[in-house]
2 protein chains.
Amino acid sequence: MGAEVLASLIAELPDGMVVTDPAVTEGYRQDRAFDPSAGKPLAVVRPRRTEDVQTVLRWASANRVPVITRGAGTGLSGGSTALDDSIVLSTEKMRDIVVDPLTRTAVCQPGLLNAEVKKAAADYGLWYPPDPSSYEICSIGGNIATNAGGLCCVKYGVTTDYVLGLQVVLADGTAVRLGGPRLKDVAGLSLTKLFVGSEGTLGVITEVTLRLLPAQHASSTVVATFASVQAATDAVLAVAGRIRPAMLEFMDSVAINAVEDSFRMGLDREAAAMVLGGSDERGRAGTEDAELMAAVFAEHGAKEVFSTDDPQESEAFVAARRFCIPAVEGKGSLLLEDVGVPLPALGRLVTGIAHIAAERELTISVIAHAGDGNTHPLIVYDPADAAMMQRAHQAFGEIMELAIGLGGTITGEHGVGRLKRPWLADQIGPDAMALNQRIKQALDPLGILNPGAAI
Amino acid sequence: MGAEVLASLIAELPDGMVVTDPAVTEGYRQDRAFDPSAGKPLAVVRPRRTEDVQTVLRWASANRVPVITRGAGTGLSGGSTALDDSIVLSTEKMRDIVVDPLTRTAVCQPGLLNAEVKKAAADYGLWYPPDPSSYEICSIGGNIATNAGGLCCVKYGVTTDYVLGLQVVLADGTAVRLGGPRLKDVAGLSLTKLFVGSEGTLGVITEVTLRLLPAQHASSTVVATFASVQAATDAVLAVAGRIRPAMLEFMDSVAINAVEDSFRMGLDREAAAMVLGGSDERGRAGTEDAELMAAVFAEHGAKEVFSTDDPQESEAFVAARRFCIPAVEGKGSLLLEDVGVPLPALGRLVTGIAHIAAERELTISVIAHAGDGNTHPLIVYDPADAAMMQRAHQAFGEIMELAIGLGGTITGEHGVGRLKRPWLADQIGPDAMALNQRIKQALDPLGILNPGAAI
C-alpha cells in the first residue's frame, strides 16, 4: 500500500484525524486479548462525526483497505486486533450524548464509556442497566458491537434489549438510520438487532438511541460461601428457579483468595466458592427475596451466609466481584474465557473446568454471572514458559469444547473476535455458519470490515 | 402451473397434507386484513414436522412457487394474504410444546396459540408475558413473525425479548438452528433476532425456544376517565415518566361506548377517553404505584378515578380493553391501523387522527397501548358505500403519514404485511429499504417467500 493512497485519505479528513506516528499507532494494535500476532496498521483514524466515518469507508472500499473499528480497546476476544496495512478506526473522540427524560431515551455517539452513559442518565434520575465488569473503561459502541452483558443482566437483559435505534455506516460509506426513539416499531426487518453483536463486521455504528429505565431501587445483597462448587451451583439453580434476582454471581476459591490478597475484606479463604445474590425489588419484597436467597443458600449447606441492606456494604461485595479479573491477573497472564451453558449444566461446566485445569497442570479460576449460566474461566499462565503457554491454549480450546458439549456457547457476552473464531462452527454448525456468511457477503461484499473476526 | 407439478409435491408428503379442495382452501385466502384482492392458491399445505416444511420449500424453490406462511390467520396487515398459484403453508398442525421449568424455557412448534403457550407455562407456575389482545386466537408462530406486542409490553417487552432460539427452514429447504436455551449467547450474528419480525419473508419458523418468567404477581388496576383526549395522553406521559406500569392503556369515547353497548359495565359514556393503568409490583409497592397513578390522573383533571386490587375487577377492565376491536367492529367494517410515536407526540397523534376523521367524514376510534406510544386507530366504513370506502382508505394513508411526520412508525406490533407496504419507504427511507432488500436477496434469491409482503 503506497503512501500516496493514504495521502488521499489524509487530504479528505480534518487535520490530525489520521495518525501515522508509530509511537501512537502502536497503542492501537491490540485490545485486551493482547494478541501477539497483531498487525501493523497503515494508520489510526479518530473521526468525530458520522461524515468522517463515511469518508473513511468510501476510501477503504475504493482502495480495498481493511477497517478495524475500535472502541475503548477493552475487548477480550481480539475483536479489534489490528491487521497489517489496515485502518484502525477508533471511535474514542465521538463522545456526544443527549438524554431525553420525556421519552426516557439517550442518543449518543459510540466513544462514550458505559460509565459515562450511566452517569448522563443518572443526572436525570434515569438508569442505563447493562453493566459489564469493565463498565468504567469500556465504550458503549464496543458494548453494542459485542452485545455486552454484565451483572444485572440476569434480571434486566443485555445490551440489545436497550438499543432502540442505530446509525450505521456501511462498507461502501452509506449512512443508514435503523429504528429510533419508538418503544415499539416493527416496520421492516429487525436490522437494529442484527447490527448489535456484529463485532464491526457489518458496518460502523456512529450513533445509538438507548432506552433508559427509572433509577434502580436500592438492593438487598446476600453473600454465601460454600465448601463445594457443586453446592454453590445447585444453590444458584434453586434461587434462579424461584425468584428474579437482580444479581446472582459466583466466584471460586482462586478468585476469593486473589481478591482477598488485594482487598483484605475478610472473605473466607477456605471456601470453595462464594455466591452473591441481589434483589432490587421495592420495600418488603426486596427483603423477602433476600431472606429467600439466604434460606436457599443455608439449605444447600452454605458455610456462612451474610445479608445486608446497606448500600455501601453491598457495593463492597459487588466491587470485589468486579475486581476478580484484575486480582487474578496478579498471578500471571490470563487467557479469558466467556463460556455459557443452560443453567442446569452450570455445575458440570465448573467441575469439568477443574478437571481440565488438573490435567493441564494449570490454575484456572472460574467467576460467573451464574444466574445466566455465563462463566468466565481465567486461565493463568506465565508467558515466559512456552510449555505452560501451550498447555494454556490447549485448555482454552478444551473449555470451549466442554461448553459446546453441554449445549452451551463459546461466548456469552465478550464476542467471538479472532480468539474464538476457530470454535464458532463447532457451536453453531455449518448451516448457521453459511447463513452468517451470506449476511456478511450481502453487506460487505469486498470483505473490508474487520476481516477475520467473528464470522 | 400444471397439476403434474403439484402432484410431485403431493407424492412427497404424507397423505392428506396437501389440500386442494376449493371449499377448504377458500378459508386460507385471507387473514383478518380481509384483502379483497387475495389470490387463489394452488394448494394449502399443513405440515406437522420441520421435514415436511423442508420438502415444501425444496419443491417450491425447484418450481419457483411462492410460499405464504400462515399461522392462525389473525394477522391484521395482510401478511398472509394468498397469491394466485402460491402455496399457503399453514402451521396449524404443528402444535407440540415442552416446558422445562429448570431452565425456564419452552420449546414449541409455531402453530400453538399464544394462550396455549401461556397455559403450558402456567402449568409449571411460569409465565410467557407477550399478550396481544388476540392472544386467545393468534399463533405463537405468527407472533414471532410479526414481533407481536400487547398490553404488558410497556414493562415486559415484546416477543423478540422472549425468543432465545429458533429453527427456521430457508427458501432452499435447509433447516437451520439459531440460538438456543442459553440466556446469554453472542456467538455469531444475531440471526435469531433477524428472523423475529421478518413476516415470512426470510424463512419458515418451525420451532422456537422461548424464555419464561416466574408467574406474574397480582396487579393493582386504576381506571380513569377524562373530559379531553389531551388530558388523558398528558396523564399517560406523566405516569410513564415516573414509574414502570405493567399496563398503560387508552380507549377513546367511540371505544368506550362500543364496549359499553356490549358489556354494560357502567363505563362513563360521556367521557372523551379512558386510561387503564396497572402495576404488578409486589405487596406495598404495587399499592404505591396504584396510588401514584390515581394521583396523577386526578392532577390531570380526571372525571372519575377507580382503583382496585381485586383480580376479577381488574380482569373485567382488561377484558373491556381487549374487547374494543370486536366491539367497534359492530359498527361496520374496519381498517385497522397500528401507528406509534415517541411518547411525547401521543397527544398530537390522537388529536391529528380526530382531524382526519372529521375531514374525511368518518368514525375513527382510537385505542392504544398508550405507555408505548402505540395506537390502534380503527377506521369504520360501510363496504357497500364505495365513496366511504375510498375515504376510509385515504384516511388510512393519512394516519400513517401523520405518524411518520411525528417521528413515528406505521406499525408498532402488527407488521407491514401487504396493507402498509406502500408507506414503508416513507418511514425508513431509501437507504434502509435498500439494506432490507440486500438481506432479503441474500436469503431468498428466488423471491419465493411471501413475495410482496413487508419489504
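Under an unreviewed UniProt entry, chain A has the name Oxidoreductase and belongs to Mycobacterium botniense. UniProt's Cofactor (unreviewed entry) comment on chain A is quoted here verbatim: "FAD". Under the heading Sequence similarities (unreviewed entry), UniProt records this for chain A: "Belongs to the FAD-binding oxidoreductase/transferase type 4 family."

Draft legend 1. Layout of the overall build of chain A. Helices and strands together make up the secondary structure of chain A, namely 15 helices and 18 strands. Over its C-alpha trace chain A gives a radius of gyration of 22 Å, about what one expects of a compact globule, namely 23 Å for 455 residues. In terms of its C-alpha atoms, chain A occupies a principal-axis envelope of roughly 70 × 60 × 45 Å. Taking all 455 residues of chain A together, 64% fall into the buried category. Of the contacts formed within chain A by residues at least 6 apart in sequence, a portion of 71% connects residues at least 24 apart. In the form shown here, chain A has an accessible surface area of approximately 15600 Å², with 51% of it arising from carbon and sulfur atoms. Looking at chain A, you have 38 positive and 55 negative side-chain charges, and the mean spots of the two groups are 5 Å apart.

Draft legend 2. How the structure looks around the sheet that holds strand 15 (residues 304-308) of chain B. Residues and elements named next belong to chain B. The strand order across the open sheet built from seven strands is 15-12-14-13-17-18-16, with neighbouring strands paired in antiparallel fashion. Single-partner strands in this sheet number two, and they are strand 15 and strand 16 (333-336). Strand-to-strand twist across the sheet, computed as the mean angle between neighbouring axes with direction ignored, equals 15 degrees. The strands touched by helix 10 (residues 284-299) are strand 12 (220-226), strand 13 (247-252), strand 14 (273-279) and strand 15; relative to strand 12, the strand with the most contacts, the crossing angle is about 5 degrees. In the packing of helix 13 (residues 346-359) onto the sheet, contacts are made with strand 13, strand 17 (363-369) and strand 18 (374-381), and the angle to strand 17 comes to roughly 165 degrees.

Draft legend 3. Quick peek at the relation of the copies chain B and chain A. If you rotate chain B by 180 degrees and push it 0.0 Å along the axis, it lands on chain A with an RMSD of 0.0 Å. Those values place the two copies in the arrangement expected of a two-fold rotation axis. Both copies present the same face, since 100% of the interface residues in chain B are matched by interface residues at the equivalent positions in chain A.

Draft legend 4. Fine view of the environment of Y28 of chain A. All names here are of chain A. Structurally, the position occupied by Y28 is in the loop between helix 2 (22-25) and strand 2 (43-45). Put simply, Y28 and K40 are twelve residues apart on the chain and 9.1 Å apart in space, counted from C-alpha to C-alpha. With sequence-adjacent residues up to four places away left out, Y28 is seen in contact with V44, R46, R70, A82, V88, S90 and E92. A polar atom in the side chain of Y28 sits 3.0 Å from the side chain of R46.

Draft legend 5. Region of interest: the domain arrangement of chain A. Residue and element names in this part refer to chain A. You can read the domains of chain A as domain 1 (3-90), domain 2 (97-214), domain 3 (217-329) and domain 4 (331-436). Look at where the C-alpha atoms of domain 1 and domain 4 centre, and you get two points 30 Å apart. If you look at the interface, domain 1 gives nine residues, while domain 4 gives eight residues. Regarding the contact of domain 1 and domain 4, the summed buried area is about 670 Å², with carbon and sulfur atoms giving 57% of it. Across the contact surface, domain 1 and domain 4 share zero salt bridges. Scanning the region where domain 1 abuts domain 4 turns up seven residue pairs in polar contact (both at pLDDT 80 or more). Split into classes, the residues belonging to the side of domain 1 that touches domain 4 amount to four nonpolar, five polar and no charged.

Draft legend 6. Representation of helix 9 (residues 253-263) of chain A within the structure. All names here are of chain A. Those residues of helix 9 that fall on the buried side of the exposure criterion are V254, A255, I256, N257, A258, V259 and E260. As for helix 9, its buried residues are in contact with strand 13 (247-252), strand 14 (273-279), helix 11 (311-322), helix 12 (324-329) and strand 17 (363-369). The opening residue of helix 9 is D252, an N-cap whose side-chain oxygen sits 3.2 Å from the backbone nitrogen of V254. Looking one or two residues past helix 9, R264 carries a phi angle of roughly 50 degrees, positive in sign.

Draft legend 7. Spotlight on the interface of chain B and chain A. Listed per partner, the contact involves 85 residues of chain B and 85 residues of chain A. In total, about 6100 Å² of surface goes out of reach between chain B and chain A, with carbon and sulfur atoms giving 60% of it. Counting across the chain B and chain A interface gives ten salt bridges. In this structure, K184 of chain A and E413 of chain B form a salt bridge, with 2.8 Å as the shortest nitrogen-oxygen distance. At the junction of chain B and chain A, the tally comes to 31 residue pairs in polar contact (both at pLDDT 80 or more). Elements supplying a minimum of two residues to the side of chain B that touches chain A: helix 6 (153-156), strand 9 (175-179), helix 7 (191-195), strand 11 (213-214), helix 8 (229-240), helix 10 and helix 15 (421-443) of chain B. Top element by residues in the side of chain B that touches chain A is helix 15 of chain B. It accounts for eleven residues. Partitioning the side of chain B that touches chain A into residue classes produces 39 nonpolar, 26 polar and 20 charged.

Draft legend 8. Looking closely at the packing of aromatic side chains. Residue and element names in this part refer to chain B. Within this structure, the stated rule accounts for twelve aromatic pairs over all chains. Ring geometry for W127 against Y156: centres 4.7 Å apart, planes inclined by 80 degrees, an arrangement best described as edge-to-face. You can see W127 sitting in strand 7 (residues 126-127) and its partner Y156 sitting in helix 6, a full 29 residues away along the chain. Here W127 matches Y156 in class, with each residue buried. Note on F306 and F317: the rings are 5.8 Å apart at their centroids and 50 degrees apart in plane angle, and the pair reads as tilted. In this pair, F306 sits in strand 15 while F317 sits in helix 11 (residues 311-322), placing the two residues eleven residues apart along the sequence. Of the residues examined, F317 reaches a relative accessible area of 12% and is grouped as buried.

So, how was this worked out
Residues numbered from 1 in each chain as written. Chains lettered and ligands numbered in written order. Predicted model: local features only at pLDDT ≥ 70, side-chain atom pairs only at ≥ 80, totals over all residues. Heavy atoms only, no water. UniProt positions renumbered as here; feature names shortened; annotations may be inferred. Helix = DSSP H or I, 4+ residues; strand = E, 2+ residues; numbered from the N terminus. Rg over C-alpha atoms; globule rule 2.2 N^0.38 Å. Buried < 20%, exposed > 50% of the residue type's maximum accessible area, 1.4 Å probe, protein only. Contact = heavy atoms within 4.5 Å. Areas by Shrake-Rupley, 256 points an atom, 1.4 Å probe, with all protein chains shown as cover. Lys, Arg positive; Asp, Glu negative; His and termini not counted. Charge placed at Lys NZ, Arg CZ, Asp CG, Glu CD. Pairing = 2+ DSSP bridges. Axes fitted to C-alpha atoms, helices over the stretch in contact; angles between N-to-C directions. Least-squares fit on C-alpha atoms with pLDDT ≥ 70 in both. Polar contact = N/O pair within 3.5 Å; in protein donor to acceptor, adjacent residues only side chain to side chain. Domains from an automatic or database assignment. Buried area = accessible area lost by both parts, 1.4 Å probe. Salt bridge = Lys/Arg side-chain N within 4 Å of Asp/Glu carboxyl O. Nonpolar A, V, L, I, M, F, W, Y, C, P; charged D, E, K, R; others polar. Phe/Tyr/Trp six-rings, centres within 6.5 Å; stacked < 30°, edge-to-face > 60°.

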